[in-house]
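# Coordinates in review
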Amino acid sequence: AQSVTQLGSHVSVSEGALVLLRCNYSSSVPPYLFWYVQYPNQGLQLLLKYTTGATLVKGINGFEAEFKKSETSFHLTKPSAHMSDAAEYFCAVSPRTGNQFYFGTGTSLTVIP
Amino acid sequence: EPEVTQTPSHQVTQMGQEVILRCVPISNHLYFYWYRQILGQKVEFLVSFYNNEISEKSEIFDDQFSVERPDGSNFTLKIRSTKLEDSAMYFCASSALAGLDEQFFGPGTRLTVL
């Protein structure tokens, strides 16, 4: 069975500081990996995804994530936080067979001016 | 830019009543999904739908739930007899392909069962 763990339900960073949101998955076969962002009163929006190929993937709004198979991780980073990055971030996995997504519990990012 | 839409944005109902949540997926997508998010908890998969039938469903999706694509554009989730614990945000999603393809999510319907 798939599971996703997001360490830290709340993360606060100063504007301009590094953002690091952690995601670990549990799966015998590396799944497809996704990061979604949810702004208040909006749906989930895809930030980036990893399916195959280069393990460092770049997404929208300056975010990137690196798939590390040995660590079963897919942490999300951004070099310099912006106030507009304040939102809820969800890591999700999709097994290579089947089409449902398994989501983590989410991390709420606060950016301090 | 095409988007998934959901109506209503907020639904309040009495316990035991039937509710229908509506979604309009992106027009050329073939796979449709419902998820729910109970306040403070993770987003949970309910069901996926392809080619006019359910392709996968979770343990949450019991006999009280049903899905339908009544016409070429709408995708509905029906809860026959709502319980207090059905109170949650319900998200509809659609994708062009399965598995590795991005799922596009709607803004959600907040269901409150009193």
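Everything discussed here concerns the structure shown above.
Residues numbered from 1 in each chain as written. Chains lettered and ligands numbered in written order. Predicted model: local features only at pLDDT ≥ 70, side-chain atom pairs only at ≥ 80, totals over all residues. Heavy atoms only, no water.

## With respect to unusual backbone geometry
Selection criterion: Helix and strand assignments come from DSSP, with helices taken as H or I runs of at least 4 residues and strands as E runs of at least 2, each series counted from the N terminus. Under the scheme applied here, a residue whose accessible area is under 20% of the maximum for its type counts as buried, over 50% as exposed, and between as partly exposed, the area being computed with a 1.4 Å probe on protein chains only.
Note that the residue after Thr7(B), namely Pro8(B), is joined by a cis bond; omega there is -10°. Position of Pro8(B) relative to the elements: it lies in the loop between strand 1 (5-7) and strand 2 (10-13). The phi dihedral of Thr72(A) falls on the positive side, at around 45°, and the residue is not glycine. Note that Thr72(A) resides in the loop between strand 8 (64-68) and strand 9 (73-78). Take Thr72(A): its relative accessible area is 28%, and that puts it in the partly exposed class. Phi is positive for Asn51(B), which is not a glycine, with a value near 55°. Along the chain, Asn51(B) falls in the loop between strand 5 (43-50) and strand 6 (53-57).

## So, the nonpolar core
The criterion, for reference: By convention a nonpolar core is built from buried Ala, Val, Leu, Ile, Met, Phe, Trp, Tyr and Cys residues, the set being connected through side-chain atoms within 4.5 Å.
Ranked by size, the top nonpolar core spans 27 residues in total, and within it Trp35(A), Leu47(A), Leu48(A), Phe74(A), Leu76(A) and Tyr89(A) carry the most contacts. Contributing elements (two or more residues each) for this core: strand 2 (10-14), strand 3 (19-21), strand 5 (32-38), strand 6 (44-50), strand 8, strand 9, strand 10 (87-94) and strand 12 (107-112) of chain A. With four residues, strand 10 of chain A is the single largest residue contributor to this core. Counting residues in hydrophobic clusters, the runner-up holds 22 residues, among them Val19(B), Leu46(B), Ala88(B) and Val113(B).

## Things to note about the state of the cysteines
Residues and elements named next belong to chain A. Inclusion rule: Only a pair of cysteine sulfur atoms within 2.5 Å qualifies as a disulfide here.
Counted under the stated rule, the structure contains two disulfides over all chains. The side chain of cysteine 23 participates in a disulfide bridge whose partner is cysteine 91; the two sulfur atoms lie 1.9 Å from each other. On the sign convention where negative is left-handed, the bridge of cysteine 23 and cysteine 91, at about -60° about the S-S bond, is left-handed. Of this pair, cysteine 23 sits in the loop between strand 3 and strand 4 (24-26) while cysteine 91 sits in strand 10, placing them 68 residues apart in sequence. Overall, the relative accessible area of 0% leaves cysteine 23 in the buried class. Cysteine 91 sits in the buried class, given a relative accessible area of 0%.

## Focus: the pairing of strand 9 of chain A
All names here are of chain A. Put simply, the rule reads: Strands pair, by our definition, only if DSSP identifies at least two bridges between them.
Across the six residues that make up strand 9, a large majority, five, are buried. As judged from the three bridges shared by strand 3 and strand 9, these two strands associate in the antiparallel manner. Bridged to leucine 20 within strand 9 is threonine 77. Where strand 8 hands over to strand 9, the hairpin turn is made up of four residues, of which threonine 72 adopts a positive phi near 45°.

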